[in-house]
Amino acid sequence: MSKNRTIGMWLYNNGGGDKVGKKIIKKLKDRNIDVIDNINLRKAVAKNGNILYNDIKLNKLDLFFSYNAGEQTQYQMYLYKALNRAIPMINSYDSFELTEDKFHTSFVLGNKGIATADYKLCHRDDGHELKKIIKKWDKMVYKPTDGWGGLGLTKIENEASLDMLMPFLNQMDLRYFYVEKFIKYDNTDFRVDIVDGKFVACYGRKANGTDWRTNVTSGGSVFMREANQDIIDIAIKACKLCGVDIGGVDIIYDLEKEEYVVLEVNGIPAFATPEQEKMGLDFNNKKIKLIVDLIDKKTQKKDL
Ligand SMILES: Nc1ncnc2c1ncn2[C@@H]1O[C@H](COP(=O)(O)OP(=O)(O)O)[C@@H](O)[C@H]1O
Ligand SMILES: [Mg+2]
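Thresholds applied
- Residues numbered from 1 in each chain as written.
- Chains lettered and ligands numbered in written order.
- Predicted model: local features only at pLDDT ≥ 70, side-chain atom pairs only at ≥ 80, totals over all residues.
- Heavy atoms only, no water.
- Near = heavy atom within 4 Å.
- Polar contact = N/O pair within 3.5 Å; in protein donor to acceptor, adjacent residues only side chain to side chain.
- Areas by Shrake-Rupley, 256 points an atom, 1.4 Å probe, with all protein chains shown as cover.
- Helix = DSSP H or I, 4+ residues; strand = E, 2+ residues; numbered from the N terminus.
- Pairing = 2+ DSSP bridges.
- Axes fitted to C-alpha atoms, helices over the stretch in contact; angles between N-to-C directions.
- Contact = heavy atoms within 4.5 Å.
- Buried < 20%, exposed > 50% of the residue type's maximum accessible area, 1.4 Å probe, protein only.
- Salt bridge = Lys/Arg side-chain N within 4 Å of Asp/Glu carboxyl O.
- Expected span 1.5 Å × (residues − 1).
- Arc of directions from axis to C-beta.

S.K.: Kindly report on the site of ligand 1, identifying the contributing residues and their values.
M.R.: In the vicinity of ligand 1 lie 22 residues, with Lys102, Lys143, Gly150, Tyr185 and Thr214 positioned nearest. A distance of 2.5 Å separates an oxygen atom of ligand 1 from a polar atom in the backbone of Gly150. Its free accessible area being 540 Å², ligand 1 has 99% of it covered by the protein chains. Of all elements in the fold, only strand E11 (176–181) and strand E16 (259–266) reach the threshold of two or more residues within the shell around ligand 1.

Below, the structure written as structure tokens:
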């Protein structure tokens with residue numbers, strides 16, 4: 001008989017996350033895996049070889065499932081990294097850190113043959129480089145490399161608006177500029193959910209009439225949409241290249257190049273909210289099952 005296993009979990013509670021968390025805990029219990037829930041590394045301390053949360057030695061757990069805030073504080077990230085040196089984590093620290101950065105993600109994907117937006121990264125003192133590139137690209141998007149929800153993205157339509165924007169950017173004391181070519185697309189995207197290399201679900205998002213960003217936070221709306229095999233293959237490959245066990249891949253169709261382009265990989269893709277479930281997005285149980293299978297697999301103890 002295999003020994004009892006115990007994992008730590010930190011899963012978001014809003015938007016139906018609490019219900020999802022309970023289901024995961026129950027299903028793991030059925031497999032003799034105990035869960036210590038609500039472990040926020042913000043409240044943990046490290047001391048003499050251990051990472052302590054109350055009296056629990058997190059580094060002695062069989063696994064840690066981190067599925068809460070994308071934007072974590074430096075402290076949380078620092079402990080995430082340390083903990084992952086001791087035990088398996090979903091997602092692994094390295095993959096999570098990678099997907100939190102849009103430039104690094106595009107760099108990795110582009111290098112391995114996945115189409116991404118054309119981009120340019122330059123030192124903050126080389127802002128004049130952007131002048132050259134906008135001539136070539138016509139329109140571009142300024143992106144904070146660690147943003148989310150479409151926040152901070154700025155579409156630059158022409159040289160004149162670049163000239164206007166530069167003084168503001170220079171004041172912000174940035175380390176670098178990251179810009180992407182503005183891709184001509186139909187203002188809809190595909191969000192493709194992958195767990196452990198398996199396709200879970202796809203849905204679409206559509207920007208509202210006045211915005212070019214599909215994010216719900218930017219006024220976009222979710223709609224039912226099926227993926228074709230090309231899209232599924234791209235999403236699976238993107239997750240594999242980034243090393244994420246769980247990923248939500250954002251894909252748009254470039255009307256000029258006539259190809260699918262990966263915009264980003266999300267390391268904590270949301271479960272369907274109760275409202276979205278009513279719309280017909282019914283992938284939560286499938287995703288929960290695949291996550292439970294994955295945790296089970298990753299915590300198997302080999303008999304010595
Ligand atoms: N290069 C681009 N060309 C055209 N639209 C883009 C480009 N990059 C992003 N967008 C639009 O902006 C949205 C947000 O961009 P994304 O890179 O996914 O950042 P976020 O993390 O804020 O969601 C995308 O869903 C897409 O609608
Ligand atoms: Mg996005």
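Back to the write-up after that little detour.
S.K.: Can you break down the pairing of strand E13 (residues 198–206) residue by residue, with the values?
M.R.: Across eight bridges, the pairing between strand E12 (residues 188–195) and E13 is antiparallel. Pairing of Asp189 across the sheet is with Arg205, part of E13. Hairpin connection between E12 and E13: a loop of two residues separates the two successive antiparallel strands, and Asp196 in this loop has a positive phi of roughly 50°. Sheet topology note: the E13/strand E14 (residues 221–224) ladder contains four bridges and is antiparallel. If you follow Tyr203 over to E14, its bridge partner there is Met224.

S.K.: If you had to explain the sheet that holds strand E9 (residues 140–142) to someone new, which residues and values would you point to?
M.R.: Ordered by their spatial adjacency, four strands build an open sheet running E8-E11-E9-E10, and the pairing between neighbours is antiparallel. Only two strands of the sheet have a single partner each, and these edge strands are strand E8 (119–123) and strand E10 (154–156). Averaged over all adjacent pairs, the angle separating strand axes in this sheet is 25°, with direction ignored. By the bridge criterion, three bridges tie E9 to E11 in an arrangement that is antiparallel. Looking at E11, one finds that Met140 is bridged to Lys181. Each of E9, E10 and E11 is contacted by helix H6 (residues 159–171), which is oriented at about 140° to E10, the strand it contacts most.

S.K.: Describe in detail the side chain of Arg213, supporting the description with residues and values.
M.R.: Relative to the helices and strands, Arg213 resides in the loop between E13 and E14. You can call Arg213 buried: its relative accessible area is 18%. A distance of 2.7 Å separates a polar atom in the side chain of Arg213 from the backbone oxygen of Gly150. What Arg213 contacts, discounting residues up to four positions off in sequence, is Gly150, Leu153, Tyr185, Ala207 and Ser218.

S.K.: Which residues make up the pattern of salt bridges, and what values go with them?
M.R.: One pass over the structure, following the stated rule, counts 27 salt bridges. In this structure, Lys257 engages Asp118 in a salt bridge whose closest nitrogen and oxygen atoms are separated by 3.3 Å. Here Lys257 is found in the loop between strand E15 (246–254) and E16, whereas its partner Asp118 is found in the loop between helix H4 (102–111) and E8, with 139 residues between them in sequence. Given a relative accessible area of 29%, Asp118 falls into the partly exposed group. Among the ionic pairs, Asp293 bridges to Lys289, the shortest N-O distance being 2.8 Å. Here the residue Asp293 and the residue Lys289 both occupy positions in helix H9 (residues 284–298), the gap between them amounting to four residues, near one helical turn.

S.K.: Mind laying out helix H2 (residues 74–86), listing which residues take part and the relevant values?
M.R.: The first and last C-alpha atoms of H2 sit 19 Å apart over 13 residues, in line with the 18 Å expected at 1.5 Å per residue. All buried positions along H2 are accounted for by Gln76, Met77, Leu79, Tyr80 and Leu83. Seen along its axis, H2 keeps its buried residues to an arc of 165°; they face one direction. Among the exposed residues of H2, those pointing more than 90 degrees away from its buried face are Gln74, Tyr78 and Arg85. Contacts from the buried residues of H2 go to strand E1 (5–11), strand E3 (45–47), strand E4 (50–53), strand E6 (63–67), strand E7 (89–90) and helix H3 (93–99).

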